Amino acid sequence: MLNQQNGDQPHWLQLELELPHLPFTDTVQEIHAKIENEWDPLQRSACQTAAGRALWKHVINDPVAGFLAGETYLKSLHEKMKKDVLSNAREISGVILAVRTLWFDSKLEAAIESFNGVAQVVLLGAGMDARAYRLNCLKETDVFEVDFPEVLRVKATLLQATEEDKNTKMRAKSLSRVEADIRNNDWLEKLQISGLVPEKKTIWVLEGILYYLSQSNAMQVLKIIADKCRVANTVLLADFMNKPSTKMSNSIFHFYCDWPDEVLPSLGFSHVSLSQIGDPDAHFGLMHDPLNLFNKLRSLPRSLQNNPDDGTPCCRLYLVQASGSPIQ
């Protein structure tokens, strides 16, 4: 990632040794206490993602991420980052999340531009995603966030608690929160009831969600989106784990796909491109060290499940863009 040998650390890494101070009100603290006590690992992962975006603020502009993350997750990730910096680690905790976020941001902006700025954006498993509040490219875009009812309600309450801050002003043309479980069969119907227009150009964002689903649930979601290519210009942005990534100890992940660039065309997408962390479009100046884990993986054939040098699993994250249209 970053060349940190011999104490050669970028200036921002030194700055990040200080945990940012956020004025958490009693209301916000009470909400996050409930999250820690009552939410399951899948729901809590939304706060962990927000913590990463808040602490990698030198590359990600997300002014509300810290409030959405909560103090516990901010402190936990910050301690890991601080330890990595002080030990001159080749990979700093959270770098995968930072690169992933930036990749999705850049591809989303490019897709909207290709649609002349007018489109629908659906965030499946939206969690604590605040793109509707931070991306100017959404100014002519209708955004739909889909997630568990409790997650969306808590998120709305947290955002209301920070609404006096001018940075929390919504950037999207409109935002609809759709309470649904994408493991069930009614989420698309609920989306359309909430205003999604089937015949309108649509960008589907599935960031950090597919691998929490079962194999059958994930494939069903992908098939439903692929079917939309028959009625409207459709873009899918998603990340996939390979099999070794889901087989790590204490893993809560289920769905894996070693070859999404082959699976997605079979579902109905006409164009598919795949990137790995560290590729030219998934780098963002954060992957300079040629000996970091991600650059090592990129040098190995994707068919390998284990590194031939040391036998360790080849755990990969694939960043995938797929598209299709009624006229293909």
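Residue numbers restart at each chain and count upward from 1, following the sequence in its written direction. Reporting in this predicted model follows two pLDDT cut-offs: at least 70 for local features of residues, and 80 or more for side-chain atom pairs to be given and counted; totals over whole chains, interfaces and linings ignore these cut-offs and use all residues. With hydrogens and water excluded, all non-hydrogen atoms of the structure serve as input to the side-chain values.

1. What to know about empty space enclosed by the protein
Empty space among the atoms can be located by rolling a probe the size of a water molecule over them. The criterion, for reference: Cavity and pocket criteria rest on a 1 Å grid covering protein atoms alone: a 1.4 Å probe that fits but cannot get out defines a cavity, protein on both sides within 12 Å along at least 5 of 7 lines defines an open pocket, and an atom within 4 Å of a point defines a lining residue. Grid points are joined across faces, edges and corners, and a volume is the space filled by probe spheres set on the points. Throughout this entry, Asp, Glu, Lys and Arg are counted as charged residues, while Ala, Val, Leu, Ile, Met, Phe, Trp, Tyr, Cys and Pro are counted as nonpolar. The remaining residues, Gly among them, count as polar.
By the definition in use, this model includes two cavities of 30 Å³ or more. Here the largest cavity is characterised by a volume of approximately 50 Å³. Lining the largest cavity, in full, are Q120, L196, V197, P198, K200, T202, W204, K228, A232, N233 and T234. Considered class by class, the residues forming the lining of the largest cavity number five nonpolar, four polar and two charged.

2. Describing the pattern of salt bridges
Using the following cut-off: Put simply, a salt bridge is a Lys or Arg side-chain nitrogen that is within 4 Å of an Asp or Glu carboxyl oxygen.
On inspection of all chains with the given rule, the structure shows 22 salt bridges. Several salt bridges share partner residues, and in doing so they unite R53, D62, R100, D105, D129, R131, R134, E207 and D239 into one network.

3. Details of unusual backbone geometry
The criterion, for reference: Each helix is a run of DSSP H or I of at least 4 residues and each strand a run of E of at least 2, with the numbering of both proceeding from the N terminus.
Even without a glycine there, the phi angle at N88 is positive, about 55°. Turning to its location among the elements, N88 is positioned in the loop between α5 (71-86) and α6 (95-114). Despite not being glycine, N116 shows a phi value in the positive range, around 60°. You can see N116 is positioned in the loop between α6 and β1 (119-124).

4. Things to note about the nonpolar core
Taken as a class, soluble globular proteins show a tendency for nonpolar side chains to be buried jointly. The test is simple: Buried Ala, Val, Leu, Ile, Met, Phe, Trp, Tyr and Cys residues form a nonpolar core when they are joined through side-chain atoms within 4.5 Å. Exposure classes here rest on a 1.4 Å probe applied to the protein chains alone. A residue is buried below 20% of its type maximum, exposed above 50%, and partly exposed in between. Between two residues, a contact is recorded if the distance between any of their heavy atoms is within 4.5 Å.
Judged by nonpolar contacts, the single largest core of 102 residues is most densely connected at I203 and W204. Tallying contributions element by element places α6 first for this core, with nine residues. Here W204 is in contact with V122, L124, W187, L188, L191, L196, I225, K228, T234, V235, L236 and L237, once residues within four sequence places are set aside.

5. Some words on the packing of aromatic side chains
Which entries qualify depends on this criterion: Each Phe, Tyr or Trp ring (for Trp, its six-membered ring) is paired with any other whose centre lies within 6.5 Å, and the angle between the two planes then decides the class: stacked below 30 degrees, edge-to-face above 60, tilted in between. A ring is considered to have a charge above it if a Lys NZ or an Arg CZ atom is located within 6 Å of its centre and within 35 degrees of its normal.
Going through the model one piece at a time under the given rule, you end up with seven aromatic pairs. On the numbers, 5.8 Å between centres and 70° between planes, the contact of F24 with F67 is edge-to-face. Of the two residues, F24 is situated in the loop between α1 (11-15) and α2 (26-38) and F67 in helix α4 (residues 65-69); the sequence distance between them amounts to 43 residues. Taking relative accessible area as the criterion, F67 reaches 12% and is therefore assigned buried. With a centroid separation of 5.2 Å and an interplanar angle of 80°, the aromatic rings of Y211 and F253 are classed as edge-to-face. A residue pair is termed long-range when its members are at least 10 positions apart, and Y211 in the loop between β4 (202-206) and α10 (215-227) and F253 in the loop between α11 (243-246) and α12 (260-267) qualify at 42 residues. Each member of the pair Y211 and F253 is classed as buried. Through pairs of rings, three or more aromatic residues link up here, namely Y211, Y212 and F253. One cation-aromatic arrangement involves R302 over Y318; the distance from NZ or CZ to the ring centre is 4.7 Å.

6. Considerations on the sheet that holds strand β7 (residues 317-324)
We apply this condition: In this description, strands pair whenever DSSP reports at least two bridges between them. Fitted lines through C-alpha atoms serve as axes, helices being fitted only where they are in contact, and the angles separating the N-to-C directions of these axes extend from 0 to 180 degrees.
Taken in spatial order, the seven strands make up an open sheet running β3-β2-β1-β4-β5-β7-β6, and their pairing is mixed. Strands at the two margins of the open sheet, each flanked by one partner only, are β3 (174-179) and β6 (271-276). Neighbour-to-neighbour, the strand axes of this sheet turn through a mean angle of 15°, independent of strand direction. Across six bridges, the pairing between β6 and β7 is antiparallel. The partner of V272 across the bridge, within β7, is A322. The strands touched by helix α8 (residues 149-161) within the sheet are β2 (141-147) and β3, with β3 carrying the most contacts at an inclination of about 145°. Relative to strand β5 (residues 234-241), α10 is tilted by about 160°, and along the sheet it contacts β1, β4 and β5.

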